[in-house]
Amino acid sequence: MSSAETAAVTARRMPSLSMPVLLAVCYVALPFVLGNSFWLQVSVYAGIAAIGAIGLNLLTGNTGQVSLGHPFFLGAGAYAAGVFGQDWGLPFWIWLPGAGLVGFGLGALVGPFALRLRGNYLVMVTFALVFIGLHIFSNWSAVTGGAAGRGISVPVAIGPIDFADLFGATRDQCYFWLVWGIVGISAWLVFNIINSRPGRALMAIRDRELTAEFVGIDVSHMKIAAFAISSAVAAVAGALYGAYVQYVSPVEWNLLLGIQYIAMIIVGGIGSVAGGVIGAVVITFLPHLMREVAGSLPFVAVNQSDGGLITVFALNQILFGVLIVFFLVVAPGGLARAVSAAAGRLSAPRRHK
Amino acid sequence: MIDFTKLIFAGLSLGSVYALIALGFVMVYKATGILNFAQGGLLMLGAYLAQYFINGLGTTFWIALPMAMLATGLVAAGLQRTIFDKLLTHPAFTVIMATWAVLIVLEQVPITLFGYDFLNMNDPFGLAMVSIASVQVFTIDLWTLAFAAGSVAVLAVFFFRTRMGLAMRATASDPEAAIAQGIEPRLVHATAWFVAGMLACLAGVMLGGGSRLVSPELSHVALRAIPAVILGGLSSPLGAVVGGILIGIAEVLTAAWAPTLAPWLGKNLHLVMPYFLLVGFLMFRPQGLFGQRQSGRV
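Keep in mind it's a predicted model, so treat the numbers as computed, not measured.

Mind showing me how you'd approach the overall build of chain B here?
Scanning chain B from terminus to terminus reveals 12 helices and two strands. For chain B, the sequential pattern of α-helices and β-strands runs α-α-α-α-β-β-α-α-α-α-α-α-α-α. On C-alpha atoms alone, chain B measures out to a radius of gyration of 19 Å, which is about the 19 Å that the 2.2 N^0.38 rule sets for 298 residues. In terms of overall dimensions, chain B has C-alpha extents of about 60 × 50 × 35 Å along its principal axes. A total of 298 residues make up chain B; the buried ones form 52% of that total. Here the analysis covers contacts within chain B between residues at least 6 apart in sequence; of these, 75% occur between residues at least 24 apart.

Pasting the structure below:
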């Protein structure tokens, strides 16, 4: 290998080395940089969404099972947190995995539907699941507080380490570290699933189910497992959301949320763990950023009474729809692929003749 | 007994609206293979347009209705030409998500133009009632039934008596052979969307008229017609009509009976009843009542 080639290889490896360091610095420093601002809260929400998107990407991106039913599992997780953490007074290290377990069980219950149905029909069932979930959440008052919703005040401490009060940091800062720490754990777990024997089996099912069956993959088993794990991750995200917001009502777990999660993995990158995280950050920040710039756009009204041509909410929804179509058609790999392609082009050796 | 007749009648009326929406779904699905979740957006747009023609431009209902239907049909055909024609070779996931994206955008158009207020259609039916065999029914419900029956009849004539209808049936049964016979697939696709748009508009006007109001909620009603499509079978126009009517009756009967018979099932059970039926049917008879079992070759 010539020295030029070695240099090129090193250059290409550079991002893979510097990336974790950069992420670690961001993880530690961002809560200080953002201070105690509104954007820190948005970052916490983005982290919670990232956990959910990682779960959905395993199911939809890697196994090819399109699910709009994510809000059902997120909601179930939030209520499980309320019941375990508040009503039963269980500590953090029990209620959070407990919520995940509830999600796992529900996913395993719904999973068998996915065995009989694929493509269009699975979308239909998961879409119906959102409405059935909304019905249960608004009526099971003992657990969910009914249509009015319920408060969730739960402990977030492991032994002496209280994530609500770390070395005098504010609640938002602590939650940032907690949530993004769990993003890291979920990403690591799902990444390992994808890059192992079961993960390859899942992708084989996605690409050609019949062939997967012929080479000896237990398709039904794997499909239900993917559903259960994805739902467990979603429930953990929902539980963290409930704990952070401290109040949830049934209307939050609506169909639009399910479409938003699908949008996250489309925008970020289908089938890529990093893609799920990037997409979650983009989709979470977008409406708030739009609200910021809306003031300087002449035709946009921040509130309905402002009398602009279009409200920020409407503009956000439209932008959201356009983004979905754009990434599906023009950039199907999402931002994750676009970023790595750009990085590759930068670090790749230039060939002159 | 009178109560029961009344309920069945209300169910028939609601069901015929679902049938109109479901027919639009099936039309587009058969012609293009697309499950068009944006149908609710078209329905909402159509209702708001008709309302604008009546209240804003001062036309009578009988001029506003065809105008709105034409406009909504053109919007639908435009969507096909600009977006969905380009997605024909893309995977099903892409197309389905694109219809959701279009729905999200379409829902914002009437809201941006007319706001969130509930608007009165000012149609000629209003709250008028007629008495049939000593049962009092809303006039608009009768008209809804008549419009649905009329649409089905017109569509039947269109499918079985016109060249375009023949071309559409040919495309649905074998797209490649149809192209080989000189049928222009794009024209067929655009026609299917156009008809679906018109049906959606008609359904929207009937849902927003009479004792009800035009509101952003209309878009959600269209989603409840999706179970009707599954009940009848995705590719069966007859099934769409039967499925729509069954869902309508089931919803009305649940609304009337569930609160007294099974209060423990929760409030507003009728709003999720269609979805329970959908899940049940997908579990035990995924091809629906009239659909054909899907089989694939290895």
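Even after reading the chapter, I still don't get the overall build of chain A, so can you show me in this structure?
For chain A, the helix and strand inventory stands at 14 helices and six strands. Considering only contacts within chain A whose residues lie at least 6 apart along the sequence, 75% involve residues at least 24 apart.

What is the right way to read the interface of chain B and chain A from this model?
Often, the extent of an interface is quoted as the loss of accessible area upon association of its parts. Of the residues lining the interface, 31 residues belong to chain B; the matching set on chain A comes to 29 residues. Mapped onto the side of chain B that touches chain A, the elements with two or more residues apiece are α4 (92-114), α10 (226-232) and α12 (269-284) of chain B. Take the side of chain B that touches chain A: its biggest share by element is 14 residues, from α4 of chain B. Class assignment for the residues of the side of chain B that touches chain A results in 25 nonpolar, four polar and two charged.

How do you make sense of the confidence of the model for chain B when you look at a structure like this?
Low pLDDT marks regions whose predicted coordinates should not be analysed in detail. Across chain B, the average pLDDT comes to 85, with 97% of residues at 70 or higher. What the predictor reports for the complex is a pTM of 0.87 with an ipTM of 0.86.

Please clarify how the pairing of strand β2 (residues 135-138) of chain B should be interpreted in this entry.
On a regular strand, one side chain projects to one face of the sheet and the next to the other, so that they alternate. Residues and elements named next belong to chain B. Of the pairings in the sheet, the one linking strand β1 (residues 129-132) to β2 comprises four bridges and is antiparallel in character. Paired with V130 across the bridge in β2 is V137. What sits between the antiparallel neighbours β1 and β2 is a turn of two residues, in which A133 has the positive phi angle 45 degrees.

Would you mind showing me how to read the packing of helix α13 (residues 312-329) of chain A against α4 of chain B here?
Two packed helices can be described by the angle between their axes and the distance between those axes. Running from N to C, α13 of chain A and α4 of chain B cross one another at 160 degrees; their axes reach a closest spacing of 9 Å. With respect to α4 of chain B, the axis of α13 of chain A lies roughly antiparallel. Note that α13 of chain A runs across α4 of chain B; the crossing there is left-handed. Seen from α13 of chain A, the contacting residues are A314, Q317, I318, F320, G321, I324, V325 and L328 of chain A; seen from α4 of chain B, they are T94, M97, A98, A101, V102, I104, V105, Q108, I111 and T112 of chain B.

What is the right way to look at unusual backbone geometry in this model?
Across residues other than glycine, the phi torsion is negative in most instances, and most of the peptide bonds are trans. Residue and element names in this part refer to chain A. The phi torsion at Q246 lies on the positive side, around 70 degrees, for a residue other than glycine. Considering the arrangement of structural elements, one finds Q246 in the loop between α10 (219-245) and β4 (247-248). On the neighbour-count criterion, Q246 (13 C-beta atoms within 10 Å) is partly exposed.

Where do I start with helix α8 (residues 185-208) of chain B in this structure?
Every α-helical turn comprises 3.6 residues, leaving residues that sit three or four positions apart pointing alike. All names here are of chain B. Across its 24 residues, α8 extends 34 Å between first and last C-alpha, which sits within 8% of the 34 Å expected from 1.5 Å per residue. Most of α8 is tucked away: 21 of the 24 residues are buried. Directly beyond the C-terminal end of α8, a positive phi value near 60 degrees is found at G210.

How should the nonpolar core be read in this particular structure?
If you look at the biggest cluster of nonpolar residues, it comprises 208 residues, and the most contacted ones within it are I21 and A22 of chain B. Per element, the largest residue contribution to this core is 17 residues, and it comes from helix α1 (residues 2-32) of chain B. Not counting residues within four places of it along the chain, the set of residues in contact with I21 of chain B comprises Q39, L43, A200, A203, A222 and A225 of chain B. Counting five residues, the second largest nonpolar core, distinct from the first, contains V312, A314 and L315 of chain A together with I111 of chain B.

Even after reading the chapter, I still don't get helix α12 (residues 273-294) of chain A, so can you show me in this structure?
Residues and elements named next belong to chain A. The end-to-end C-alpha distance of α12 is 32 Å, a good match for the 32 Å that 22 residues give at a rise of 1.5 Å each. Of all the bends in α12, the greatest reaches close to 35 degrees and is centred on L286; the proline P287 follows between one and four positions later. Where α12 is concerned, the buried positions are V273, A274, G275, G276, V277, I278, G279, A280, V281, I283, T284 and A294.

It is not clear to me how the environment of P185 of chain B should be interpreted in this structure. Could you clarify?
Residues and elements named next belong to chain B. Positionally, P185 belongs in helix α8. Taking the number of C-beta atoms within 10 Å as the measure of exposure, P185 has 17 and is therefore partly exposed. On a C-alpha basis, the gap between P185 and L70 in space is 21 Å, while along the polypeptide they are 115 residues apart. Aside from chain neighbours lying at most four places away, what touches P185 is T171, P175 and I179.

What is the right way to look at the packing of helix α6 (residues 163-173) of chain B against α8 of chain B in this model?
Residue and element names in this part refer to chain B. It is the contact of α6 with α8, at a shortest axis distance of 10 Å, that shows an interaxial angle of 105 degrees. Here α8 runs roughly perpendicular to α6, going by the angle between their axes. In contact with M164, A167, M168 and T171 of α6, α8 contributes P185, V188, T191 and A192. A per-class count over the contact of α6 with α8 returns six nonpolar, two polar and no charged.

Could you clarify how one ought to interpret the UniProt feature "transmembrane region" (unreviewed entry) in chain B in this entry?
Residue and element names in this part refer to chain B. Summarizing the sequence annotation, UniProt attributes the feature "transmembrane region" (unreviewed entry) to residues 6-27, 34-54, 60-79, 91-116, 136-160, 187-207, 238-258 and 264-284 in the numbering used throughout. The annotated region residues 60-79 carries 95% helix and 0% strand content, and the separation between its end C-alpha atoms amounts to 28 Å. What you have in residues 136-160 is 88% helix and 12% strand, and the ends, taken at the C-alpha atoms, are 37 Å apart.

Explain the environment of A147 of chain A to me, please; I cannot follow it from the model alone.
By secondary structure assignment, the location of A147 of chain A is in the loop between α6 (141-144) and β1 (150-151). Excluding its chain neighbours within four sequence positions, the residues that come into contact with A147 of chain A are S138 and P250 of chain A.

Looking at this model, I keep getting lost on the confidence of the model for chain A. Mind explaining?
Mean pLDDT over chain A stands at 83; residues scoring 70 or higher make up 88%. When pLDDT is averaged over each element of chain A, helix α3 (residues 70-87) of chain A comes out on top at 92 and helix α1 (residues 3-33) of chain A at the bottom at 67.

In this structure, what is going on with the environment of L23 of chain B? I would like to understand it.
Residue and element names in this part refer to chain B. Inspection of the secondary structure puts L23 in helix α1. Residues L23 and P237, spaced 214 residues apart in sequence, show a C-alpha to C-alpha distance of 5.9 Å. Setting aside residues up to four positions removed in sequence, L23 forms contacts with L155, L199, P237, A240 and V241.

Cut-offs applied
Residues numbered from 1 in each chain as written. Chains lettered and ligands numbered in written order. Predicted model: local features only at pLDDT ≥ 70, side-chain atom pairs only at ≥ 80, totals over all residues. Helix = DSSP H or I, 4+ residues; strand = E, 2+ residues; numbered from the N terminus. Rg over C-alpha atoms; globule rule 2.2 N^0.38 Å. Buried ≥ 20, exposed ≤ 12 C-beta atoms within 10 Å, placed from the backbone. Contact = placed C-beta atoms within 7 Å. Nonpolar A, V, L, I, M, F, W, Y, C, P; charged D, E, K, R; others polar. pLDDT = per-residue confidence, 0-100. Pairing = 2+ DSSP bridges. Axes fitted to C-alpha atoms, helices over the stretch in contact; angles between N-to-C directions. Parallel < 35°, antiparallel > 145°, perpendicular 65-115°, else oblique. Left-handed = near helix turned anticlockwise from the far one by under 90°. Expected span 1.5 Å × (residues − 1). Core = buried A, V, L, I, M, F, W, Y, C linked by C-beta atoms within 7 Å. Bend = angle between axes of the 7 residues up to and from the residue. UniProt positions renumbered as here; feature names shortened; annotations may be inferred.

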